[in-house]
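These are the residues of each chain, in order.
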Amino acid sequence: MSYQRRFRNLPNYAKYLECTICLEKFIKPSITNCGHCFCQQCSYNLNKCPNCRANILFIKEDPLTQGLIDELEVVCNKKNVLGQG
Ligand SMILES: [Zn+2]
Ligand SMILES: [Zn+2]
């Protein structure tokens, strides 16, 4: 089985940190002109936003979302020390 990147203890806002294309948490989150966020890789060849059907005009990095993911991942790793869950 391949290792999957997942949040262990999902806070309420964690759903906002998951990509609607690959259904994983964002890897290098990038935000579109319509305000939706996808992984850099997932958004690479995107012409239309799968969330709101807007034409993708530009995509830029989303350091705020990346920061949240980094914070959560630290918590995850700490709580995962005993291998519970
Ligand atoms: Zn993705
Ligand atoms: Zn959108």
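For the structure, check the block above.
Residues numbered from 1 in each chain as written. Chains lettered and ligands numbered in written order. Predicted model: local features only at pLDDT ≥ 70, side-chain atom pairs only at ≥ 80, totals over all residues.

(A) Just the nonpolar core, in detail. Residues Cys19, Phe26, Cys37, Phe38, Cys42 and Ile69 constitute the largest nonpolar core, which totals six residues. In contact with phenylalanine 26, other than residues within four places in its own chain, are Leu17, Cys19, Cys37, Cys39, Thr65 and Ile69. (Core = buried A, V, L, I, M, F, W, Y, C linked by C-beta atoms within 7 Å. Buried ≥ 20, exposed ≤ 12 C-beta atoms within 10 Å, placed from the backbone. Contact = placed C-beta atoms within 7 Å.)

(B) Up close: the sheet that holds strand E1 (residues 29-32). Strand order across the open sheet formed by three strands is E2-E1-E3, with antiparallel pairing between neighbours. Both edges of this open sheet fall to strand E2 (37-39) and strand E3 (59-61), since each of them pairs with a single strand only. Strand-to-strand, the axes of this sheet are offset by a mean angle of 40 degrees, without reference to chain direction. Of the strand pairs in this sheet, E1 and E3 are connected by three bridges, and their pairing is antiparallel. Its bridge partner being in E3, isoleucine 31 is matched across the sheet by lysine 60. (Pairing = 2+ DSSP bridges. Helix = DSSP H or I, 4+ residues; strand = E, 2+ residues; numbered from the N terminus. Axes fitted to C-alpha atoms, helices over the stretch in contact; angles between N-to-C directions.)

(C) Up close: the environment of threonine 20. By the element assignment, threonine 20 lies in the segment before E1. The sequence separation of threonine 20 and histidine 36 amounts to 16 residues, and the corresponding C-alpha distance is 9.5 Å. For threonine 20, the contacting residues outside a window of four places in its chain are Pro50 and Asn51.

Any functional reading would require information that these geometric values do not contain.
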